[in-house]
There are 2 protein chains.
Amino acid sequence: MPAKVLINGYGSIGKRVADAVSMQDDMEVIGVTKTKPDFEARLAVEKGYKLFVAIPDKERVKLFEDAGIPVEGTVLDIIEEADIVVDGAPKKIGKQNLENIYKPHKVKAILQGGEKAKDVEDNFNALWSYNRCYGKDYVRVVSCNTTGLCRILYAINSVAEIKKARIVLVRRAADPNDDKTGPVNAITPNPVTVPSHHGPDVVSVVPEFEGKILTSAVIVPTTLMHMHTLMVEIEGNIGKDDVLEAIKKTPRIITVKAEEGFSSTAKIIEYGRDLGRLRYDINELVVWEESINVLENEIFLMQAVHQESIVIPENIDCIRAMLQMEEDNFKSIEKTNKAMGIQ
Amino acid sequence: MPAKVLINGYGSIGKRVADAVSMQDDMEVIGVTKTKPDFEARLAVEKGYKLFVAIPDKERVKLFEDAGIPVEGTVLDIIEEADIVVDGAPKKIGKQNLENIYKPHKVKAILQGGEKAKDVEDNFNALWSYNRCYGKDYVRVVSCNTTGLCRILYAINSVAEIKKARIVLVRRAADPNDDKTGPVNAITPNPVTVPSHHGPDVVSVVPEFEGKILTSAVIVPTTLMHMHTLMVEIEGNIGKDDVLEAIKKTPRIITVKAEEGFSSTAKIIEYGRDLGRLRYDINELVVWEESINVLENEIFLMQAVHQESIVIPENIDCIRAMLQMEEDNFKSIEKTNKAMGIQ
């Protein structure tokens, strides 16, 4: 019997997780929820997903009926049929859903990176904390930036002991579908305090990095991807080829070359479009080969993170871990990747 | 007798240097040059500057006459009257001017940061290399980013020995008047190799920092200012108040507080507009107070650089040093700042 997955919040993350679950042979989407009868809701129904109203309220259901979008009921009509819920609600709403819906109905739940580490049992990355999250009930898949950092630090950690990593995050201002958020023409220190919270967020997944990950972040006017520049002090010394090889061996990281035309995040997205990826998603972390360097026990590199999609395969593996469907994290990673057509 | 200054290239830098020279009581603008009869050329004449054609060619002069913009001749008609030329030509043209015009006519010249360190006698920053450039003939005022880094490293160096500085530069894509350059929606690693050339450029001013300044840079879609995030390892330990105090004592650095509304570079520029600064120029380096932190012998901070104007007061001091008009760099800095109304 495939695992029954409910997607609560069919937005940027939710719709992608729904499609990714549908691609797996060991799990199925039993329903998706929306708060508003917008085009995403209509598309969900057209795709064949059973649609439920995320807010259990008669007037809310009527909104959908008035818009001519058929619903099967509200989230409360389906919640207890689910083996697990993937929460795709906006920041802070995930925590409310956990307390108000998932815990009272005793259903396992995955929250996203916008929620806080302290509100869940553990924090998930398929490479680092799959075993720790095995069988747990309430787990957070960390944010896109943290996921990207976890992957690259896993690759580096496989060939060198990390002494101190200094990372600057250059964050996209808004997602492509966001027509409200800025800045349009400014660079915003966010947070203005240094170090930023991204280092501690990595530590929520990898406690052994406590005190070793120092991050700083700004927001810039772009929608496509985040970029990170890393300076990682290591014990001992290795060559840049060792770093490149370790990166290439790590699942869900791809490398690109500027000399092959990958001059910016825009070119990486064009690549995703040319590959015919659904929504041009780049689920892999992307590292520029030319940026990799090692100088005096310090590794340098630059990488890009597709904020909308990097966490999607992590959600799939997290489902398998929490429902104890596969003991070996690398087997789950391979299965997920193969089904989704990612590296 | 005030020093006679010719501005060769009345563009972004040249027009600002012309205005800054005009504000000083010990130097005067004897002429400015333009290659094209555009609105900047017309405004130069309306402001009372004597306009010369930058390209000594009859057809080029006719272009200006046809446009109804009166010129006094070409650069070759005025060059030998100058005590010094400030070159404001685009990147690489400065070097050509040096070889083809300034050296043959035996006139001292200041080149800008777009030129290379190896093509001049020395590299100027008023805090660090005024004395070294004293009386020299061909000197480069380093770029806006390098000038910003020189100022903050001077402040830090005044209270702590710098062991290693790691800096990420988030660069503006284009100046506000540039309607051709991108990216519009991308983050571009530039250069894609790490470390970038900005570290060595600081070393061209401060040789004692050899091997200690590691930089990485990206370009982002904004026009207003560059931003830097710094992580500076020091010998020994100090408090964040010591760092703030050192910054406040250093000329040409101002600090702002996010809590007072300075949430981004856009707000800093709005401040320049509200102050009634000509062209809203912020000649000072701007440091966010909240960003200043010290953790385990490492200083963290974030700063913004107004790319169009930060080097202008440096050009003025450089004139004084090269023409041996003032022996004490701090007296020149104070005089320049007072005349320009900057801190």
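It should be emphasised that the depicted structure is a prediction, and the values quoted were computed from it without experimental measurement.

Novice: Describe the overall build of chain A, listing the residues and the values that go with them.
Specialist: On a plain count of helices and strands, chain A comes out with twelve helices and 15 strands. Its C-alpha atoms give chain A a radius of gyration of 20 Å, near enough to 20 Å, the size a compact globule of 343 residues would have. Each of the three principal axes of chain A carries a C-alpha extent, and together these read 65 × 45 × 40 Å. Residue burial in chain A is summarised as follows: out of 343 residues, 61% are buried. Sequence-distant contacts in chain A: of pairs separated by 6 or more residues, those separated by 24 or more amount to 73%. On chain A, roughly 13,600 Å² of surface is accessible, and the fraction owed to carbon and sulfur atoms is 48%. Distance from the positive charge centre (43 side chains) to the negative charge centre (52 side chains) of chain A: 3 Å.

Novice: Go over the relation of the copies chain A and chain B, please, and point to the residues and values.
Specialist: Least-squares fitting of chain A to chain B yields an RMSD of 0.0 Å, with the transformation described by 0.0 Å of translation along the axis and a rotation of 180 degrees. When the rotation and shift are considered jointly, the pair of chain copies conforms to a two-fold rotation axis. No C-alpha of chain A approaches the rotation axis more nearly than that of P221 of chain A, which lies at 2.9 Å. Both copies present the same face, since 100% of the interface residues in chain A are matched by interface residues at the equivalent positions in chain B.

Novice: Could you give me a rundown of the interface of chain A and chain B, with the residues and numbers involved?
Specialist: If you look at the interface, chain A gives 46 residues, while chain B gives 46 residues. Interface of chain A and chain B: buried area, both sides summed, is about 3,500 Å²; carbon and sulfur atoms make up 67% of it. Summed over the shared surface of chain A and chain B, the result is six salt bridges. A salt bridge links R166 of chain B to E233 of chain A; the nearest nitrogen and oxygen atoms lie 3.7 Å apart.

Novice: Can you explain the packing of aromatic side chains? Please cite residues and give values.
Specialist: All chains considered together, the criterion is met by 14 aromatic pairs over all chains. With centroids separated by 6.5 Å and ring planes inclined at 40 degrees, the aromatic side chains of Y130 of chain A and Y134 of chain A adopt a geometry described as tilted. Using a relative accessible area of 24% as the deciding quantity, one classes Y134 of chain A as partly exposed. Relative to Y271 of chain B, the ring of F262 of chain B lies with its centre 5.2 Å away and its plane at 85 degrees, an arrangement referred to as edge-to-face. On the basis of relative accessible area, F262 of chain B is assigned to the buried category, the value being 9%. Joined through ring pairs, the aromatic side chains of W128, Y154, F209 and F330 of chain A make up one cluster. The residue whose ring lies beneath K103 of chain A is Y138 of chain A, and the NZ or CZ to ring-centre distance is 5.6 Å.

Novice: Can you break down the confidence of the model for chain A residue by residue, with the values?
Specialist: A residue-level look at chain A finds 100% of positions with pLDDT of 70 or above and a mean pLDDT of 97. Interface confidence for the predicted complex, given as ipTM, is 0.91, next to a pTM of 0.94.

Novice: Describe the packing of helix α11 (residues 312-322) of chain B against helix α12 (residues 329-340) of chain B, naming the residues involved and giving the relevant values.
Specialist: All names here are of chain B. The geometry of α11 relative to α12 is characterised by a closest axis approach of 9 Å and an angle of 130 degrees between their N-to-C directions. When the axes of α11 and α12 are compared, the pair comes out oblique. Where α11 crosses over α12, the handedness of that crossing is right-handed. Across the interface between the two elements, I312, P313, I316, D317 and R320 from α11 touch S332, I333, K335, T336 and M340 from α12. Here the contact of α11 with α12 is composed, by residue class, of five nonpolar, two polar and three charged.

Novice: Now, about the state of the cysteines: what can you tell me, with residues and values included?
Specialist: Residues and elements named next belong to chain A. Applying the stated criterion across every chain yields a total of zero disulfides over all chains. Residue C133 stays outside any disulfide, its sulfur separated by 5.7 Å from that of C318, the closest cysteine. Note on C144: no disulfide assigned, nearest cysteine sulfur contributed by C150 at a separation of 12 Å.

Novice: Describe the pattern of salt bridges, naming the residues involved and giving the relevant values.
Specialist: All names here are of chain A. Taken as a whole and assessed by the stated rule, the structure comprises 64 salt bridges over all chains. With a closest N to O distance of 2.9 Å, R279 and D19 form a salt bridge. Placement of the pair is R279 in the loop between α10 (265-274) and β13 (285-288) and D19 in helix α1 (residues 12-23), with a sequence separation of 260 residues. Residue R279 is classed as partly exposed on the basis of its relative accessible area, which comes to 24%. Of the charged contacts, one joins E270 and R273 as a salt bridge, the two residues approaching to 2.8 Å between their closest N and O atoms.

Novice: Outline the pairing of strand β2 (residues 27-34) of chain B, supporting the account with residue identities and numerical values.
Specialist: Residues and elements named next belong to chain B. For β2, the tally of buried residues reaches seven of eight residues, placing the bulk of the element in the interior. Where strand β1 (residues 3-8) lies against β2, six bridges are found, and the strand directions are parallel. What sits directly across from A3, in β2, is M27. The β-α-β motif built from β1, the intervening helix α1 (residues 12-23) and the parallel element β2 has right-handed crossover chirality. As paired strands, β2 and strand β3 (residues 51-53) are joined by three bridges and run parallel to one another. The residue of β3 that forms the bridge with K34 is V53.

Novice: I'd like a rundown of the sheet that holds strand β7 (residues 138-141) of chain A, residues and numbers included.
Specialist: Residue and element names in this part refer to chain A. The strand order across the open sheet built from seven strands is β3-β2-β1-β4-β5-β7-β6, with neighbouring strands paired in parallel fashion. Two strands bound the open sheet, and with one partner strand each, they are β3 (51-53) and β6 (122-124). Direction aside, neighbouring strands of the sheet carry axes that sit 30 degrees apart on average. Direction of pairing for strand β5 (residues 108-111) relative to β7: parallel, over a ladder of three bridges. Its bridge partner being in β7, A109 is matched across the sheet by Y138.

Novice: If you had to explain the packing of helix α7 (residues 144-157) of chain B against helix α8 (residues 198-205) of chain B to someone new, which residues and values would you point to?
Specialist: Residues and elements named next belong to chain B. Contact geometry of α7 with α8 gives a least axis separation of 9 Å together with a crossing angle of 65 degrees. In this structure, α7 crosses over α8, and the sense of that crossing is right-handed. Contacts from N145, T146, L149, C150 and L153 in α7 reach H198, D201, V202 and V205 in α8. Here the residues of the contact of α7 with α8 are counted per class, giving five nonpolar, three polar and one charged.

Novice: Would you mind going over the nonpolar core in detail, with residue names and values included?
Specialist: Ranked by size, the top nonpolar core spans 77 residues in total, and within it V32, F124, I152, F209, I247, I299 and L301 of chain A carry the most contacts. Each of domain 1 (3-142 + 311-340) and domain 2 (144-305) of chain A accounts for three or more of the residues forming this core.

What counts and what doesn't
- Residues numbered from 1 in each chain as written.
- Chains lettered and ligands numbered in written order.
- Predicted model: local features only at pLDDT ≥ 70, side-chain atom pairs only at ≥ 80, totals over all residues.
- Heavy atoms only, no water.
- Helix = DSSP H or I, 4+ residues; strand = E, 2+ residues; numbered from the N terminus.
- Rg over C-alpha atoms; globule rule 2.2 N^0.38 Å.
- Buried < 20%, exposed > 50% of the residue type's maximum accessible area, 1.4 Å probe, protein only.
- Contact = heavy atoms within 4.5 Å.
- Areas by Shrake-Rupley, 256 points an atom, 1.4 Å probe, with all protein chains shown as cover.
- Lys, Arg positive; Asp, Glu negative; His and termini not counted.
- Charge placed at Lys NZ, Arg CZ, Asp CG, Glu CD.
- Least-squares fit on C-alpha atoms with pLDDT ≥ 70 in both.
- Buried area = accessible area lost by both parts, 1.4 Å probe.
- Salt bridge = Lys/Arg side-chain N within 4 Å of Asp/Glu carboxyl O.
- Phe/Tyr/Trp six-rings, centres within 6.5 Å; stacked < 30°, edge-to-face > 60°.
- Lys NZ or Arg CZ within 6 Å of the ring centre and 35° of its normal.
- pLDDT = per-residue confidence, 0-100.
- Axes fitted to C-alpha atoms, helices over the stretch in contact; angles between N-to-C directions.
- Parallel < 35°, antiparallel > 145°, perpendicular 65-115°, else oblique.
- Left-handed = near helix turned anticlockwise from the far one by under 90°.
- Nonpolar A, V, L, I, M, F, W, Y, C, P; charged D, E, K, R; others polar.
- Disulfide = S-S within 2.5 Å.
- Pairing = 2+ DSSP bridges.
- Right-handed = clockwise from strand over helix to strand, strands pointing away.
- Core = buried A, V, L, I, M, F, W, Y, C linked by side-chain atoms within 4.5 Å.
- Domains from an automatic or database assignment.

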